[in-house]
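Now for the letters of each chain:
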Amino acid sequence: MGKQTVSCAAIYNMQSKVFFGTLLKATTLSYETDRDLLIEMFGRILGGQAASWSKLTLGQRNQVLDALARQWLPNHAAVDIPLLPKRLHNWRKGDKADGYERLDIPPGPLARQKKYILMLWCLLGYEPKSLDARVSKQFGVERFVWLTDPAALATLAKDMWSRCRRAGIDPEPSGEPTDNRAQATA
């Protein structure tokens, strides 16, 4: 079995699906009719960098998705905004093919907590596979997926949660407390 990667084109397509398939459908706006208004909104969200949806970088698109989801979706409904390592934030449609190696969490009793830790790690902009080096250095386990000590996982989750808060990143996927937070702060 070879390495599985998430390409920038796939991230781009996921972002478009969220924008056109979820967010715009929650409004009375149409991209075709209200294009100028939407581009102006993008500019306000991005601090003056107005551009059409297809001209935004992956990082800018994620910023727009996050802001519009908070504004347009009732009760902070969860929307899956694709995770993006920092090195891919400036990727635009037409740039060289790139991506990142996906880190799959096998099913098991700690899978939910591990997925939450991986999500926080990626929200901080780190490459998923680099979590192995962190776990190896801190806990002496070669791969993150092999880490089975609940106390070590809680320590790692609490650290990632705190880093997200300091960076101004909401560590709660839906904006509301979840079981994952309880695990992270236990």
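Everything numeric here is computed off the predicted structure, so don't read it as measured data. Within each chain, residue numbers correspond to sequence positions counted from 1 in written order. Since the coordinates come from a predicted model, pLDDT governs what is reported: local features require at least 70, and pairs of side-chain atoms require 80 or more to be given and counted, while whole-chain, interface and lining totals use all residues. As a convention, hydrogens and water are excluded, and side-chain values are obtained from all of the structure's heavy atoms.

A. Molecular detail of helix α2 (residues 35-45). When α2 is considered as a whole, its buried residues turn out to be L38, I39, M41, F42 and G43. On its buried face, α2 sits against α1 (8-23) and α3 (58-72). Residue G47 follows α2 closely and has a positive phi angle near 75 degrees. Each residue is placed in one exposure class: buried if its accessible area under a 1.4 Å probe, protein chains only, is under 20% of its type's maximum, exposed if it is over 50%, and partly exposed if it falls in between. Helix and strand definitions here come from DSSP, where helices need a minimum of 4 consecutive H or I residues and strands a minimum of 2 consecutive E residues; each element is numbered from the N-terminal end. Only heavy atoms matter for contacts: two residues are in contact if any of them lie within 4.5 Å across the pair.

B. Quick peek at the packing of aromatic side chains. Stacked, tilted and edge-to-face pairs are distinguished by plane angle, under 30 degrees for stacked and over 60 for edge-to-face with tilted covering the rest, among Phe, Tyr and Trp rings (Trp via its six-membered ring) whose centres lie within 6.5 Å. This model, assessed by the stated rule, comprises 9 aromatic pairs. Between F19 and Y31, the aromatic rings sit 6.2 Å apart at their centres with planes inclined by 85 degrees, giving edge-to-face as the arrangement. Here Y31 lies in the loop between α1 and α2 and F19 lies in helix α1, a separation of 12 residues in the sequence. When the ring of F19 is compared with that of F42, the centres are 5.7 Å apart and the planes differ by 65 degrees; the resulting orientation is edge-to-face.

C. Inspection of the environment of G59 at higher detail. As for its placement among the helices and strands, G59 is situated in helix α3. On the accessibility criterion, G59 (10% relative accessible area) is buried. Apart from the residues within four sequence positions on either side, G59 is in contact with L84 and H89.

D. Up close: the nonpolar core. Counting 23 residues, the largest nonpolar core has I117, L120, L131, F144, L156 and M160 as the members making the most contacts within it. When residues of this core are traced back to their parent elements, those giving at least two are α4 (111-123), α5 (131-139) and α6 (150-166). Top element by residues in this core is α4. It accounts for 8 residues. Excluding residues that lie within four positions of it along the chain, L120 makes contacts with A157, M160, W161, C164 and P171. Within the second largest apolar cluster, 20 residues are counted, among which are V18, L38, L46 and L68. Among buried residues, the Ala, Val, Leu, Ile, Met, Phe, Trp, Tyr and Cys ones that are joined through side-chain atoms within 4.5 Å form a nonpolar core.

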